[in-house]
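Residues per chain are reported as follows:
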Amino acid sequence: MKKPLPCARFLFSLSLFFLTAGAAFSETALVKFNGVTSTEVSISANTSHIKAAVPPGATTGPISIETSDGVFLSSTDFEVTIDTPAPYNLAAKPGVGSVELVWEAPASPYITGYEVYRGTKSGSYPDKIGTAASPSFTDQDKGLKTGETYYYAVKTTFLFSGKSQTSDYSSDASAVFGAIVLYIQTTRGAAGSEVIVPVNIENADKLQLKTADIGIVYDSSVLTPIRVESSILTEKLTWGADFSKSGEARISLDQGSSKALIGEGTFFNVIFNVDANAAEDGKEYPLSFAADSKMANQKGQPIPMTFSLLKSLARKSQAATDIASSQGAFVVSAKHSRGDLSGDGQVNSVDAAKAFQFANGKQEPDSIQLSAGDISGDGKVDTNDAGLIYYFTVNGGWPSLDNTDVKKSARNIQLTSSKGSANKDISLRLKMNNLNDLNSGEFKIAYDPKKLALKTIKPSAFAKDLFKLDANTKTKGFAVISLAYKKEGRAAISAQNKELAEVVFRAAEPGTHPVKIASVNLYDRFGRDFARSDLGIDIKSSDAKINVKGGAKGKLKTVQPLSLDILSFSPTKGKAGTSVDIQVKVQEIDPLVGDWAFYYYGSPDAGDEWDSLIQFSSENGQLAGYDVASETALTVAKNPSAEYDYEIRYEDKEMGAVFYYKLKLDETQKAGTGVWQWYDAADQSVLYEFELIGVKLD
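Residues numbered from 1 in each chain as written. Predicted model: local features only at pLDDT ≥ 70, side-chain atom pairs only at ≥ 80, totals over all residues. Heavy atoms only, no water.

S.K.: Which parts of the structure should I look at to understand the nonpolar core?
M.R.: Phe-443, Ile-481, Phe-505 and Val-515 are the most contacted members of the largest nonpolar core, which has 40 residues in total. Looking at this core element by element, the count peaks at five residues for strand β35 (residues 498-507). Apart from residues no more than four positions distant in its own chain, Val-515 is found in contact with Pro-109, Leu-415, Leu-428, Ile-445, Ala-446, Tyr-447, Leu-452, Phe-505, Asp-543, Ala-544 and Ile-546. Leu-182, Val-195, Ala-212 and Phe-267 belong to the second largest nonpolar core, which has 39 residues in total. (Core = buried A, V, L, I, M, F, W, Y, C linked by side-chain atoms within 4.5 Å. Buried < 20%, exposed > 50% of the residue type's maximum accessible area, 1.4 Å probe, protein only. Helix = DSSP H or I, 4+ residues; strand = E, 2+ residues; numbered from the N terminus. Contact = heavy atoms within 4.5 Å.)

Put into structure tokens, the structure is as follows:
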């Protein structure tokens, strides 16, 4: 365990859940099979039963259920009986000259690529239109007809012992070719403040605009438009605005560009003032497009515009809807404004930490956190958003468009091969060249959990100095490593190959075991995807192998966080589509609910970070803790004194030191206080003592 320095900050995450005797599941629940979300879920009325279908892409691992009562994780694995999982979360994004497809890679190191299929009706895909090495594909077939709806599905290809195999189809996705999908992002802001309302585009590839006239309908009793600003996507275009008609802002194109746009994200921003007197706190005010909005290309030809329904950014369906029902919203709230996920009225590193949890799949955001944390406007809180929030906390604002240059040389990501003995630590090194302009990045690493156990992921000394690095190792067969640049301004680092993290495995038996970089996403300080945007940066990755020689064959000893054994399910194995009945075993658990972050008072953004993840559970009514990084059990005492509610003690015999974390929580105010103390084990004298401040994150 890393020992904190006097100027360091300490992020302390608690995950304890409370379910009273006889309680039932909430009306809604998020069910995941080894990290993959099931879209077919039904809950029996007034019972503690859930039925969920195993989703495409799921692999063997635990079942988790997230409700308003908390997150519940099974202590045993559901066995997926097929070794060739299909891709999942396929989405099709239409544009004037292409349809962009993106999907999630299943957790397997044996993937060799993907096959992409197309048809004109759901369930039938007669045309194999291409292959892809990574989880994305752009359909630019010149034979596609404007206004026609096309359906897509994807298969995964695998290589086992020199033999090729193919998965079933993914769930399909559809798009209307030639349409431009614009949507207004739901925004929150305080009465009396100035707010940014983004208007986003799903796929701007090949879009060349000559004219545009887009109307935004708003509530004039609360909002007053001030100006329109270009985004990084449309920085070469010049926008004009007419605010003379109350309740409708007309956005026009004063000057187009002969250069085609590439990418997605914010098309332009409309800046509004929120009336300090008329705005009602908590009230939602609709924002919608005017029905006569239109655009034309460089030849003066009209471009079909399709406005997608976007309710609280929960875009589960990409299907086009009637213009009259297309809308976003503005919500009056001093809390949970742009970037403020914790709801404490400010954007700081607490929010960046929360965004990382959402990005890595450790938690799911609610609709309010989603609208606050989705900075890029793609309907989710991902690593890009976490990096942008981190940029804001370090620089005191969002980046300006004064200097948008980025070094466009290729980026190479390498996972080094290694060798070792069975049941011994074997380390792989994640490296990358040319880290210049990298504001955030996400690396997904796949391995075979039947052959390997992922023990831990450690940031390198180099990476720790420059980046905030977070890793999720909970999903069997998958590790997600996210990072964000934590220095001021533009990342001007090095073109040399640098180590980012050490990935430590253990193998149960001799043999050669592949470890694959399943996907890589890199973003600059403006949120541009290195590969997907006009940057067009070539990203290459090389996979690794672990060669295990000698040593006795044994059982994998996986490092698992302590979990509550409250879920049972039947059947215990099956393939995608299998219906599983899940039941909660009602237990009385300590009533501390939610995640908390505690920082050294007065220095939440100074010095090094405490990078250990501490997780908690309850066994026989006794709170117990486990530090994943150091594999150390921690003792948690409840109500140790009248002054504090909880006390955590850790003794380091090598250092001859004892560490205490004494915490007091106020559930009503969602605030906490406490003290961190470093004792000398011999004479019990206090070597260091720091005051702690805490915030409830959810």
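There is more to say after this.
S.K.: How should I be thinking about the packing of helix α1 (residues 349-359) against helix α3 (residues 383-395) in this particular structure?
M.R.: Relative placement of two packed helices is described by the angle separating their axes and the distance separating the axes. Remark: α1 packs on α3, axes separated minimally by 8 Å, with the N-to-C direction vectors making an angle of 170°. Put simply, α1 runs roughly antiparallel to α3. Contacts from Ser-349, Asp-351, Ala-352, Ala-355, Phe-356 and Ala-359 of α1 reach α3 at Thr-383, Ala-386, Ile-389, Tyr-390 and Thr-393. For the contact of α1 with α3, the class distribution of residues is seven nonpolar, three polar and one charged. (Axes fitted to C-alpha atoms, helices over the stretch in contact; angles between N-to-C directions. Parallel < 35°, antiparallel > 145°, perpendicular 65-115°, else oblique. Nonpolar A, V, L, I, M, F, W, Y, C, P; charged D, E, K, R; others polar.)

S.K.: I'm lost on the sheet that holds strand β28 (residues 411-415) in this one. Help?
M.R.: Hydrogen bonding along the main chain pairs the strands of a sheet, whether they run parallel or antiparallel. Overall, mixed pairing links the five strands, which are arranged β32-β35-β30-β28-β37 in an open sheet. Both outer strands of the open sheet, β32 (452-459) and β37 (539-542), are each paired with one neighbouring strand and no more. On average, adjacent strands in this sheet sit at an angle of 15° to one another, irrespective of strand direction. Looking at chain direction, β32 and β35 are connected through seven bridges and run antiparallel. (Pairing = 2+ DSSP bridges.)

S.K.: Help me understand the sheet that holds strand β34 (residues 478-485) in this model?
M.R.: Strands sit in the order β29-β38-β36-β31-β34-β33 across an open sheet of six strands; the sheet is mixed. Taken across any chain shown, the strands that pair with only one partner, and hence form the sheet edges, are β29 (418-420) and β33 (467-472). Averaged over all pairs of adjacent strands, the angle between strand axes in this sheet comes to 20°, irrespective of strand direction. Along the sheet, α1 makes contact with β31 (440-447), β33 and β34, crossing β34 at roughly 150°.

S.K.: Would you take a moment to explain the environment of Asp-465 for this structure?
M.R.: Tracing the sequence through the fold places Asp-465 in helix α4 (residues 461-466). We classify Asp-465 as partly exposed; its relative accessible area is 44%. Sequence spacing of Asp-465 and Lys-486 is 21 residues, and the spatial spacing of their C-alpha atoms is 8.4 Å. Excluding anything up to four places from it in sequence, Asp-465 contacts Lys-486 and Lys-487.

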